[in-house]
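Here is how the chains run, residue by residue.
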Amino acid sequence: MNSAIEKVATALYDTECIKFGSFKIKSGALSPYYIDMARLLSKPKELCTITKVAAEKICQIMDTEPLTKLASIELKGALLVPNIACKVDLPCVIVRKEEKAYGTTGRIAGANITKGDKILFVDDVVSEGLSKIEGIKPLKEIGAEVNHILVIVDREQGGKETLEKSGYTVHALAKVSEVVTTLQKNGKISAEQTKTVLDYIKK
């Protein structure tokens, strides 16, 4: 098993970012697990583990393609991006879900975006991929180029494939099937819990 996947899976479990049971997700459907990446804030060591693995992946991407900035959308991805940006020494921006009507208005907070910027978009998970497209849109409207998307976990619900059909290269630190398989191997969850998640993914 890839050591990066093991680090991610362990950090998610130890911070209770990943929970098992029955949860209503954004689409309204029920899921046998839920990932709340905000829980990483409860344990700085595990937060640093996740962002270090993410930074290593971004450095690999930068070996073949230059990047000028990182971006994310509020809220979960925005909790991770500044920490990752420190590790890779790139400016970062946060795209608001709604335009701010006072002070420094607009949807983009942080570094200035200029035409021709090469931006990597970061988020916590990918499910259907629609929120990524929405978050990237204001960046592209300014003239930035966004070719890469990095997520911590791919929920394996078709979002990665949807985004790649739209021309993006999607990088996931781990698939949810890899997370639960790793947790079972390390004795943290039962074979039944793993099977429930894997069966859910197959649907």
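What you see is a predicted model; the values in this text were computed from it and never measured.

## Description of the side chain of S177
The topology assignment puts S177 in helix α6 (residues 176-185). What S177 contacts, discounting residues up to four positions off in sequence, is E156, L198 and I201.

## Points about the environment of I201
With respect to the helices, strands and loops of the structure, I201 is situated in helix α7 (residues 191-202). A relative accessible area of 19% means that I201 is categorised as buried. Between the C-alpha atoms of I201 and L75, which are 126 residues apart in sequence, the distance is 25 Å.

## Some points on unusual backbone geometry
With omega at 10 degrees, the peptide bond leading from E74 into L75 counts as cis. Checked against the element boundaries, L75 lands in the loop between β3 (69-73) and α3 (76-88). Although it is not a glycine, E16 sits at a positive phi angle of roughly 65 degrees. Tracing the chain through its elements places E16 in the loop between α1 (3-14) and β1 (18-24). Among the residues examined, E16 registers a relative accessible area of 41% and is labelled partly exposed.

What counts and what doesn't
- Residues numbered from 1 in each chain as written.
- Predicted model: local features only at pLDDT ≥ 70, side-chain atom pairs only at ≥ 80, totals over all residues.
- Heavy atoms only, no water.
- Helix = DSSP H or I, 4+ residues; strand = E, 2+ residues; numbered from the N terminus.
- Contact = heavy atoms within 4.5 Å.
- Buried < 20%, exposed > 50% of the residue type's maximum accessible area, 1.4 Å probe, protein only.

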